[in-house]
Amino acid sequence: MILPFLIIIPLLAAFLITLISGEKDNWAIVLSVLAEMSLLTLALFSFFTTGYDTYVYEMSGWKIPLTICLVQDALSGFMLVIVNLIALTSLMFSISYIRQYSSPWKYYALFMLLITGMNGVIATGDIFNLFVFMEIALFAAYALVAFGAKAEEYEAAFKYAVMGSISSTLILLGIGILYASTSTLTMAHIAAELQTKDPQVTYWVAAVFLVGFGLKSAVMPFHAWLPDAHSSAPAPISSMLSGVLIKALGIYAIIRIFFNIFGAPPVFLTIFMVLGSISIIVASYLALGQWDLKRLLAYSSISQIGFILLGLGIGSKLAILGAVFHILNHAIFKSLLFYNAGSVEMALGTRDLRKMGNLRGALPVTTSTSMIASLSVAGLPPFNGFFSKLIIIIAAVQSQHIIYAIIAVIGSLLTLAYFMKVQRYGFHGETVINEIKKPVSLGMKSAMIILAVLCVVVSILIIPGIREITLDPVVSVIISKTGYIQAVIGR
Amino acid sequence: MIVYILCFTLFLVGIYGALTKRDLIKIILSLGIMGYAVNLMIILFAYKEGGSFAILVKDGINSNMVDPLPQALILTSIVIELGITAMLVALSIRLFQKYKTFDITKIRRLSG
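A brief report on the enclosed structure follows. (Residues numbered from 1 in each chain as written. Chains lettered and ligands numbered in written order. Predicted model: local features only at pLDDT ≥ 70, side-chain atom pairs only at ≥ 80, totals over all residues.)

**Considerations on the overall build of chain B**
Here comes step 1: Of regular secondary structure, chain B possesses 3 helices and 0 strands.
Here comes step 2: Listing each helix as α and each strand as β along chain B from the N terminus yields α-α-α.
Here comes step 3: Taking 13 Å as the expected radius of gyration for a compact globule of 112 residues, we find that chain B reaches 19 Å, considerably beyond that expectation.
Here comes step 4: Considered along the principal axes of its C-alpha atoms, chain B spans approximately 65 × 30 × 20 Å.
Here comes step 5: Taking all 112 residues of chain B together, 27% fall into the buried category.
Here comes step 6: At a minimum sequence separation of 6, the contacts of chain B that also span at least 24 residues come to 51%. (Helix = DSSP H or I, 4+ residues; strand = E, 2+ residues; numbered from the N terminus. Rg over C-alpha atoms; globule rule 2.2 N^0.38 Å. Buried ≥ 20, exposed ≤ 12 C-beta atoms within 10 Å, placed from the backbone. Contact = placed C-beta atoms within 7 Å.)

**Looking at helix 13 (residues 317-348) of chain A**
Residue pairs spaced three or four apart in an α-helix point in one direction, given the helix's 3.6 residues per turn.
Residues and elements named next belong to chain A.
Here comes step 1: Look at helix 13: 46 Å from first C-alpha to last across 32 residues, which is about the 46 Å you get at 1.5 Å a residue.
Here comes step 2: Judged by how many residues are buried, helix 13 sits mostly within the fold: 29 of 32 residues are covered.
Here comes step 3: Within two residues after helix 13, glycine 349 carries a phi angle of roughly 75°, on the positive side. (Expected span 1.5 Å × (residues − 1).)

**Here we look at the pairing of strand 2 (residues 69-72) of chain A**
Residues and elements named next belong to chain A.
Here comes step 1: Side-chain alternation along strand 2 places Cys69 and Val71 on one buried face and Leu70 and Gln72 on a second face that is also buried.
Here comes step 2: Two elements, strand 1 (residues 55-58) and strand 2, share 4 bridges in a ladder whose sense is antiparallel. Note that in strand 2 the partner of tyrosine 57 across the bridge is leucine 70. (Pairing = 2+ DSSP bridges.)

**Focus on the nonpolar core**
Grouped burial of nonpolar side chains is what soluble globular proteins tend to show.
Here comes step 1: Counting residues in each nonpolar core, the largest one holds 227 residues, and the members touching the most others are Ile82(A), Leu114(A), Val121(A), Ala137(A), Tyr142(A), Val145(A) and Cys455(A).
Here comes step 2: The element that contributes the greatest number of residues to this core is helix 13 of chain A, accounting for 20 residues. (Core = buried A, V, L, I, M, F, W, Y, C linked by C-beta atoms within 7 Å.)

**Side note on the interface of chain B and chain A**
Here comes step 1: Of the residues lining the interface, 28 residues belong to chain B; the matching set on chain A comes to 26 residues.
Here comes step 2: Broken down by secondary-structure element, the contributors of at least two residues to the side of chain B that touches chain A are helix 2 (24-46) and helix 3 (69-99) of chain B.
Here comes step 3: Considering each element in turn, the side of chain B that touches chain A owes the most residues, 15 residues, to helix 3 of chain B.
Here comes step 4: Of the residues contributing to the side of chain B that touches chain A, the split by class is 19 nonpolar, 6 polar and 3 charged. (Nonpolar A, V, L, I, M, F, W, Y, C, P; charged D, E, K, R; others polar.)

From the geometry alone we can't say anything about function, so treat these as descriptive.
This is the structure we're talking about:
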């Protein structure tokens, strides 16, 4: 049983890093990279061995309604792989990037706490435990956003912390109401109990959770904190926040709670579609007007989250396949784009698109990988973003949601437009830049190259033979209304 | 019923303060009020008129005890809130050092 280790290893690493690190960060790097490599291996192993099965780990020998349980199925395995993959590349990118700040070992300790929180949220099968791990992840995230210790970073971190605590309080309220009506905290038992209760309870709790987790995943009416927080953090942390944190804490929790516990009530699916399409259009439009590269990418994250939510809201099997695939794709290309922004910021000292220029000579790796990532996020074949967006649009047409399909197409075109702007001004501009302040190190380059290769390679997941062993089990976990209850309780 | 309504009113007071106040410290206090309201509500869900505390009695089962689980949850949630509040206070001290003010309308370098 490997699920507990996905929580123990990063927590232990964080503890040991704070214990043994001095002024130098060498031991912190060794420990965190070792921890993260073992985590990625464990996550890949658990994903490929799980398949359609579900394994439940009950803590300290008690049986399920009395204990906290960890649940491992295809969905959690899939999310664990995404989180730990992006975390490993983020650590590779951090090694030389984070040395420009003071006391870098604190960064690694906080980073490991962030991983602990996200792995815990994904692995747990107990709703209050989900809340606790979510707070661990958020606590590390607040500190990491403020890590640069500049005025703007404190401002962004404060804004993020206030919005985060409002949403956490709402989620705690929802958990309280759920406990009052079902007398249990295990998610599968809550789901089983709710089927016998008045649906009014579900609607009230779901409304509270929608606002709470909507704030966490930054869909459009709840997005105000995201552009500040994600653009002020150090680049590897921006990529962690945008690439995986809003998915682990927001989208994953929404899937677990609304699909597995509440059984996907149609009213909320419609709300997801509406919120998703608002996010796609408005955030793309706002991104078009940005000149700060990282801010533009942050707005782009909101619009891509809109695509995922639209796919979930359509609710057919194909649409959920598209949404699940887009979760993986967005994690890969958005992290890559934030690494590009980080290496440009390190090399030129600016992230204003107007002050950048032709970087082909000075930063060849960054320029070429940013081109791949831009084409991928804009949805051009043969890159991965094309396939997931295409699946979502086809699914919308198939389920008679023509208007939403048109919105998704317009959103795609707007995405193409603002990434053409990034390429035109930022990387292939008129002023040729030859001298750079600091060279981009090998670790940063290799992180970018790994993700750029993945942008192309991940497309093969859509080939039927490979899809059947990777994405289809995840979709079946989401789409089956009572499968989660059966799998956890009826063993 | 009246206690739940009062509790919810307290929650709304907290949300109102967090969304409308301009002073950093008042925002932190409002978040605290929100948290207390939710904690109180969860304790009230488990409360039962005339119930006793949840420990084993000498001659077998204590049949008239309140539900102890929410109390355990609230202890955890209080600890989390303490951490978050400490974080917010630390951030606001740093913000004061940088901007020389607690007024959020003057702390505005990020926009767009």
